[in-house]
Amino acid sequence: MLRPGELEIADRAPANSCSPAAAQEYTRWLATHHYENFNVVSWLLPKDLHQHFYNVYAYCRWADDLGDEVPQKERALELLDWWERELDDCYNGRPSHPVFVALRETVIAKNIPKQPFADLLRAFRQDQNVKRYPTWDSMVGYCVYSANPVGRLVLYLCGYRDEERQAMSDATCTALQLANFWQDVSRDLEKGRIYIPLDIAASHGLTESDIVERRFDKRYVSLIKDLIARTRILFAQGAPLAKKVNGRLSVDLEMFSRGGVAVLDAIESMGYDTLHQRPAISKAKQVGLLGRALVTHLVAKPMRPESESSGFAFVVAQHSAPLQSKSVSDSYDECHRIARAAHSNFYYAFFLLPKPKRDALAALYAFMRLVDDVADEGNDLTAKQRGLADWRAALDDAVTGEVQLVNGTTALNSATPSGAAKVLPALVDTMERYKMPARYLHDLISGAEMDLTLRTYPTFDRLREYCYRVAGTVGLTCTHVFGFSDPRALDLAEKLGLAFQLTNIIRDVHDDYALGRVYLPEEDLARYGVSAQDFGKSEATLGVRELLRFETDRAWNNYEEGAALFGLIDPESRGALWLLVHTYSALLARIESLDFAVFGERVRLSKAEKMLFITKARFGRLSEENILEKRDRDRRRAGGTGSQRRAG
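Residues numbered from 1 in each chain as written. Predicted model: local features only at pLDDT ≥ 70, side-chain atom pairs only at ≥ 80, totals over all residues. Heavy atoms only, no water.

Engineer: So what about the overall build of the protein? Which residues, and what values?
Structural biologist: The number of helices and strands found in the protein is 30 helices and zero strands. Taken across its 648 residues, the protein has 55% of its residues classed as buried. For the protein, the accessible area works out to roughly 27,600 Å², and carbon and sulfur atoms hold 51% of it. (Helix = DSSP H or I, 4+ residues; strand = E, 2+ residues; numbered from the N terminus. Buried < 20%, exposed > 50% of the residue type's maximum accessible area, 1.4 Å probe, protein only. Areas by Shrake-Rupley, 256 points an atom, 1.4 Å probe, with all protein chains shown as cover.)

Below, the structure written as C-alpha cells:
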C-alpha cells in the first residue's frame with residue numbers, strides 16, 4: 001500500500017509478515033531514534049514494559065506521519081484507511097505490517113481494547129478536513145481523540161483500567177497536546193492549520209487573518225497568556241495521577257507533566273511570540289526535570305505500599321507532619337508577621353478590611369515578599385534561578401494538594417524554599433476561598449525571573465509585560481480578595497498595578513541604575529536624547545526631567561483609568577483600595593511637585609501624611625472622584641517652574 005520513499009520512517013522497516021523479533025527490533029529503533037520532546041521510554045520504567053511501549057509508540061508514530069507527512073489530502077486519507085484495516089487485521093489475529101506484528105504481542109499480553117488506537121485515527125482523519133477550530137470546546141473535543149487515547153494506552157500497559165485514573169490521564173494528555181499546539185503555532189501555520197480556538201482569539205481582539213499574517217502585538221500576548229492559563233489548570237487537574245500509580249511509572253508521569261509545564265514556561269520566557277519562534281526544551285532542562293521527578297519519587301517511595309489500594313490519602317496521612325505542623329491559622333499568623341516586618345505601605349490597607357480579607361492579603365504579601373527576597377539577595381545567579389524554580393514547584397505542589405510528597409521535610413529535600421511550609425497553607429486557603437487563578441502567582445515568579453537577567457527594556461510593550469508580572473498580578477490577586485462581579489474589574493486592576501510600578505520606577509531610576517538596571521524603555525530614552533549613563537549623574541539633566549515627565553503622564557493615565565475599579569469592588573473593600581491608590585498617587589504627585597528630584601534623597605511620604613490618609617480611608621467620604629491625589633499640573637509644562645532646580 002505504501003509507495004517506495006513515501007514515508008521516511010518506513011525505510012528501515014522489515015518486510016510484511018516478518019518475525020516478531022524483527023518487528024520488535026524495528027519498533028525499538030524507531031522509538032529511540034525519532035525526535036520527541038522527551039524520550040518515549042526512560043530507564044526508570046521496568047524493563048519488561050520497554051518493548052510494549054516501543055510497540056505502541058510505533059503505531060502512534062506511523063499513524064501520525066501518515067496523516068502529517070503525506071502532502072496530498074486524498075492520499076493521506078487513503079493511507080489512514082489502510083492503517084485502520086491493518087489494525088483490524090491485528091485484532092483479528094492476522095497482523096501483516098511489522099508494526100502490527102509487534103503490536104499484536106502487546107495487545108494480547110496487556111489486554112488492550114482497540115478503541116484507543118481507532119480514536120487516534122479519527123483525530124488524524126480530522127486533521128485532513130479540519131484546519132480551524134471555532135471554539136475552545138471544539139479544540140478540547142479534538143484532543144479527546146488526538147491525545148487522550150495515548151494516556152489511556154499507557155495506563156493499560158501498566159495494568160490500570162479504572163475511570164478515576166483515566167480521567168486524570170485525560171486532563172494531562174489534553175494539557176500536553178495543548179502545550180504542543182501553543183509551542184507549534186508557527187509550524188502549524190506553515191501546514192495551513194490553526195489550533196488556536198477562534199472564539200478565544202476574538203475575545204482578545206484577534207481575527208483569523210491576524211494569526212495567518214503573524215501579527216504579533218499585545219493582543220496576541222494576551223491570547224497566549226489566556227491559553228497558557230487554561231492549560232495550566234488542566235495540568236493541575238491531572239497532576240495527582242503520578243501519585244496514584246506504583247513503581248517507577250510515577251517518575252515518568254511526573255516528568256512528562258513537568259515537561260509540558262516547562263514548554264509553557266519557555267513560551268512565557270521568550271515573550272509569547274510563537275508566531276515566529278518555536279520554544280524548545282533543551283537536554284539540560286530535561287535532565288533538571290528528571291532530577292526533580294526523581295526527588296519526588298525518592299521522598300514518596302518509603303510511603304507507598306505496593307498494593308493498588310493504597311492511595312494519595314494514605315500517603316498524606318502518614319507523612320504530612322512537616323506541613324501540617326503549622327495549621328492554616330498558624331500559617332496566617334506567620335504571614336502577618338512577615339508583612340509587619342516589611343514596613344510596607346501595602347500593610348496599612350489590611351486594617352481597613354474584614355478579618356478574612358485582611359488575612360488573605362497578608363498571605364499574598366508574605367508569598368510575594370519571600371519570592372522577591374530570592375531574586376534580591378546574594379549574587380549567585382544560578383542559585384537565584386534555582387530558588388525561584390523551587391518556589392514555582394512548591395506553589396504547584398501546594399495547589400494540587402501534593403506539597404507533602406515533594407517537599408517532605410527540609411532535611412530530606414533541600415529544594416524546599418525557605419518559609420514555604422509556613423506560608424503556603426494560608427496562600428492555598430486564600431486562593432481557594434477567593435477563586436484565585438494560580439497563573440497570577442506563576443506570572444509573578446516569572447517577573448522575578450526577568451529581574452535576574454534583563455537589565456534594559458527596548459520598548460514600552462516589553463516593560464509593560466514586566467510591570468504586569470511584578471505589579472499587575474498584585475492588583476489582580478487583591479481584586480479577587482476585594483470581591484467583584486463585573487469582569488472589567490480585572491482590566492482596571494492591571495492598569496492600577498502598572499501605574500504603581502511606573503511610580504516606583506520613576507522614583508527609583510537613580511538607585512536602579514546603580515544596581516545595573518534601567519527600566520525605562522530605550523525607545524523613550526532615544527526620544528528625549530537621554531543615555532543610560534545620565535541616570536548615574538548627581539543631578540538630572542533637562543532631557544531626564546522631560547523623560548520622567550513623559551513617563552509620569554503615562555502613569556497618571558493609568559491611574560485615571562484604573563480609578564473606576566473603586567465602584568466595581570465590594571463596598572467593604574473600597575477603603576483599602578482607596579488607601580492604596582491614594583498613597584501611590586500621592587507619591588507620584590510629590591515626585592512631580594519636586595520637579596523629579598529623585599537623584600538625591602529617596603522621595604517619601606511622611607508618617608503624618610500616611611496617618612492622615614488612613615484616617616480619611618477609615619472615616620472619610622470616599623469616591624472615585626477623590627481616590628487620586630491632586631496633581632500640581634504646573635510641573636507638567638516643558639520648562640515650567642522649577643525646571644532648573646537642582647535634582648540632587
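Engineer: Describe the packing of helix 3 (residues 73–91) against helix 4 (residues 98–110), listing the residues and the values that go with them.
Structural biologist: Between helix 3 and helix 4, the shortest axis-to-axis distance is 10 Å and the interhelical angle comes to 45°. Our classification of the angle between helix 3 and helix 4 gives oblique. Judged by the sense of rotation from one axis to the other, the crossing of helix 3 with helix 4 is right-handed. Residue-level inspection shows Trp83, Glu86, Leu87, Cys90 and Tyr91 of helix 3 in contact with helix 4, the latter providing Val99, Phe100, Leu103, Arg104 and Val107. Of the residues contributing to the contact of helix 3 with helix 4, the split by class is eight nonpolar, no polar and two charged. (Axes fitted to C-alpha atoms, helices over the stretch in contact; angles between N-to-C directions. Parallel < 35°, antiparallel > 145°, perpendicular 65-115°, else oblique. Left-handed = near helix turned anticlockwise from the far one by under 90°. Contact = heavy atoms within 4.5 Å. Nonpolar A, V, L, I, M, F, W, Y, C, P; charged D, E, K, R; others polar.)

Engineer: Give a detailed account of the packing of helix 19 (residues 355–376) against helix 20 (residues 381–399), specifying residues and quantitative values.
Structural biologist: The geometry of helix 19 relative to helix 20 is characterised by a closest axis approach of 8 Å and an angle of 155° between their N-to-C directions. Of the possible angle classes, the one that applies to helix 19 and helix 20 is roughly antiparallel. Judged by residue contacts, Phe367, Leu370, Val371, Val374, Ala375 and Asp376 of helix 19 engage Lys384, Gly387, Leu388, Trp391 and Leu395 from helix 20. Along the lines of polarity and charge, the residues of the contact of helix 19 with helix 20 split into eight nonpolar, one polar and two charged.

Engineer: Break down the packing of aromatic side chains for me, with residues and values.
Structural biologist: Tallied over the full model, the rule gives 23 aromatic pairs. Ring geometry for Phe216 versus Tyr220: centroids 6.0 Å apart, planes at 65°, classification edge-to-face. Ring plane angle 50° and centroid distance 6.0 Å describe the contact between Phe500 and Tyr559, whose orientation is recorded as tilted. Remark: Tyr559 occurs in helix 28 (residues 542–562) and Phe500 occurs in helix 25 (residues 488–507); sequence separation between them is 59 residues. (Phe/Tyr/Trp six-rings, centres within 6.5 Å; stacked < 30°, edge-to-face > 60°.)

Engineer: So what's going on with the nonpolar core? Residues and values would help.
Structural biologist: By size, the foremost hydrophobic cluster in this structure holds 103 residues, and its most contacted members are Phe367, Trp391, Leu463, Phe482, Phe535, Tyr559 and Leu577. The residues touching Tyr559, leaving out its near neighbours within four places in the chain, are Leu496, Ala499, Phe500, Thr503, Val581, Tyr584, Ser585, Leu588 and Leu628. Membership of the second largest hydrophobic core comes to 47 residues, among which are Ala31, Trp62, Phe124 and Leu155. (Core = buried A, V, L, I, M, F, W, Y, C linked by side-chain atoms within 4.5 Å.)

Engineer: Break down the environment of Trp29 for me, with residues and values.
Structural biologist: With respect to the secondary-structure elements, Trp29 resides in helix 1 (residues 20–33). Distance from Trp29 to Ala58, taken between C-alpha atoms, is 9.4 Å for residues 29 residues apart in sequence.

Engineer: Explain the side chain of Arg193 to me, and be specific about the residues and the numbers.
Structural biologist: Mapped onto the fold, Arg193 is located in the loop between helix 9 (185–190) and helix 10 (198–203). Arg193 sits in the buried class, given a relative accessible area of 6%. Among the polar contacts listed, one links the side chain of Arg193 to the side chain of Asp68, at a separation of 2.5 Å. If we skip the residues at most four places from it in the chain, Arg193 touches Gly67, Asp68, Asp127, Gln128, Lys131, Arg132 and Asp188. (Polar contact = N/O pair within 3.5 Å; in protein donor to acceptor, adjacent residues only side chain to side chain.)

Engineer: Break down helix 25 for me, citing the residues and quoting the values.
Structural biologist: Taking 1.5 Å of rise per residue, 20 residues should cover 28 Å, and helix 25 covers 29 Å from first to last C-alpha, within 8% of that figure. Along helix 25, 15 of the 20 residues are buried, which leaves the element largely enclosed by surrounding structure. (Expected span 1.5 Å × (residues − 1).)

Engineer: So what's going on with the side chain of Arg631? Residues and values would help.
Structural biologist: You can see Arg631 is positioned in the segment after helix 30 (607–619). Within the local environment of Arg631, its side chain forms a polar contact with the side chain of Asp553, the two groups lying 3.0 Å apart. Within the local environment of Arg631, its side chain forms a polar contact with the side chain of Glu592, the two groups lying 2.6 Å apart.

Engineer: Which residues make up the pattern of salt bridges, and what values go with them?
Structural biologist: One pass over the full model with this rule turns up 50 salt bridges. For Asp373, the salt bridge is made with Arg369, and the minimal N-O distance between the two is 3.2 Å. With Asp373 and Arg369 both in helix 19, this residue pair falls four residues apart, about one helical turn. Looking at Arg369, the relative accessible area reads 25%, which means it is partly exposed. A salt bridge links Asp524 to Arg554; the shortest N-O distance between them is 2.9 Å. Of the two residues, Asp524 sits in helix 27 (residues 522–527) while Arg554 sits in helix 28, which places them 30 residues apart along the sequence. The same class applies to Asp524 and to Arg554, which are both buried. Within this structure, Asp210, Glu213, Arg215, Asp217 and Arg219 form a network of salt bridges that share partners. (Salt bridge = Lys/Arg side-chain N within 4 Å of Asp/Glu carboxyl O.)

Engineer: Kindly report on helix 22 (residues 420–433), identifying the contributing residues and their values.
Structural biologist: If you check helix 22, its first and last C-alpha atoms are 19 Å apart, about what 14 residues at 1.5 Å a residue would give, namely 20 Å. Taken across its 14 residues, helix 22 has ten buried, putting it largely inside the fold. Here helix 22 has its buried residues at Ala420, Val423, Leu424, Pro425, Ala426, Leu427, Val428, Asp429, Thr430 and Met431. A positive phi of about 50° marks Lys435, the residue just after helix 22.

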